[in-house]
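Summary of the model geometry
Next come the chains, spelled out residue by residue.
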Amino acid sequence: MKFSGKWMAGLAMWVACSLALAQSEKPLTIVVPTAAGGGNDAMARTIGQKLGVLLNRSVIVDNKAGANGALAAEFVAKAAPDGNILMFGYIATHAMNPALQKLRYDPVKDFEPVGLVGYSPTLMVVNTSVKVKDVKDLVRVLKEKPDQFSVASAGNGTAPHFAAELFKLSTQTSLLHVPYKGSAPAINDTIGGQTHVMFPSLFTGVPFVKSGRLQALAIAGHKRSPMLPDVPTLKEQGVEGVEVDQWYAIFAPAKTPKDVIAKLNQALNKVLDDKEIIKRIEGHGADVETSTPDQLGDMVRKDLTKWRQVVQKAKLQAD
């Protein structure tokens, strides 16, 4: 049977359109490197809901907690670069943890930056049994009783871990580092008194501070937070160099086409320009800030260098 050239051309066009339609009908998956219910997860779901509307696609948020974010990062790094899988990365997955130890992914080479989402300061809290009135008082106690106090973290290479190490380095004090598998068990043990100090994200720590279960001593960031306006920064209390502002951003697998990245960046920035979205993200203790893909890429490279220098200076190792 012979087919005309027009018929064959029409068939080819139909196949191409069908394939494009099938791809557009695939859900957009945003992989979150933390458990459901945390600040990262809440922000990813807030963004994903609006992003789906703008792109006319269904959006799935997939929580892949484990290995301090490395599990999720490895998964996305190996995913097909077709724009259907993204990662809600943050400072731990793309700067701190890779600076601390060798991982099975490269935070620069294995990802295409899509865009920045925002920043959140780190909080310094203590168990209520630690009878101190401020940071200077805590430093005095730590020096009087060295090696008697511990600091919890969400795991090696996370923001709470690095903030604690910078604090020890700046104040020349000693705190036993106790790494946990996530911020939830770490803060629970700090509340229970098994550990004494922690540097959680603002989102994680504020509810326990407001309920009186933890005492907030300082903001480990560049400025005070509207959520806790009476809590001064560490710098205000004489402790320099512990500004750990956690950032959050969207990444795609390496080799995702530039036009796909550009479309995703445009949609993401439009989402983050929505007043309701801004209000909801601020409710999670973060300040919205957008970027181009290139700006995010430059920031990741600079941050990676910064935290590698901290690792060398403080002689940090994964516990």
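Scroll up a little and you will see the structure.
Thresholds, definitions, all that
Residues numbered from 1 in each chain as written. Predicted model: local features only at pLDDT ≥ 70, side-chain atom pairs only at ≥ 80, totals over all residues. Heavy atoms only, no water. Helix = DSSP H or I, 4+ residues; strand = E, 2+ residues; numbered from the N terminus. Buried < 20%, exposed > 50% of the residue type's maximum accessible area, 1.4 Å probe, protein only. Pairing = 2+ DSSP bridges. Contact = heavy atoms within 4.5 Å. Axes fitted to C-alpha atoms, helices over the stretch in contact; angles between N-to-C directions. Parallel < 35°, antiparallel > 145°, perpendicular 65-115°, else oblique. Left-handed = near helix turned anticlockwise from the far one by under 90°. Nonpolar A, V, L, I, M, F, W, Y, C, P; charged D, E, K, R; others polar. Phe/Tyr/Trp six-rings, centres within 6.5 Å; stacked < 30°, edge-to-face > 60°.

Details of unusual backbone geometry
- Unusually for a residue other than glycine, Asn56 sits at a positive phi of about 55°.
- Following the sequence through the fold, Asn56 ends up in the loop between α2 (39-55) and β2 (59-63).
- Owing to a relative accessible area of 70%, Asn56 belongs among the exposed residues under this scheme.
- Unusually for a residue other than glycine, Ala67 sits at a positive phi of about 55°.
- With respect to the helices and strands, the residue Ala67 is situated in the loop between β2 and α3 (70-77).

Focus: the sheet that holds strand β1 (residues 28-32)
- Taken together, the six strands give an open sheet; going across it, the order is β2-β1-β3-β10-β4-β11, and neighbouring strands pair in mixed fashion. The open sheet has two free edges, formed respectively by β2 and β11 (287-288), since each of these has just one partner strand.
- Alignment of β1 against β2, held across five bridges, turns out to be parallel. Within the sheet, the bridge partner assigned to Thr29 lies in β2 and is Ile60.
- Of the strands in this sheet, β3 (85-90), β4 (111-120) and β10 (246-253) touch helix α4 (residues 91-100), which is tilted by about 55° from β3.

Describing the packing of helix α6 (residues 159-171) against helix α11 (residues 293-314)
- It is at 11 Å that the axes of α6 and α11 come closest, and there the two elements cross at 50°. What the angle tells us is that α6 and α11 run oblique. Both α6 and α11 take part in a crossing whose hand is left-handed. Here Phe162, Leu166 and Leu169 of α6 lie close against α11, whose contacting residues are Trp307, Val310, Val311, Lys313 and Ala314.
- Of the residues contributing to the contact of α6 with α11, the split by class is seven nonpolar, no polar and one charged.

Thoughts on the packing of aromatic side chains
- Overall, the coordinates contain seven aromatic pairs when judged by the stated rule.
- Consider the rings of Phe88 and Tyr248, whose centres lie 6.1 Å apart with planes at 25°: the pair is stacked. Taken as a pair, Phe88 in strand β3 and Tyr248 in strand β10 lie far apart in primary sequence, 160 residues in all.
- Phe88 sits in the buried class, given a relative accessible area of 0%.
- Each ring, one from Phe162 and one from Trp307, has its centre 5.2 Å from the other, and the planes form 75°; the classification is edge-to-face. Of the two residues, Phe162 sits in helix α6 while Trp307 sits in helix α11, which places them 145 residues apart along the sequence.

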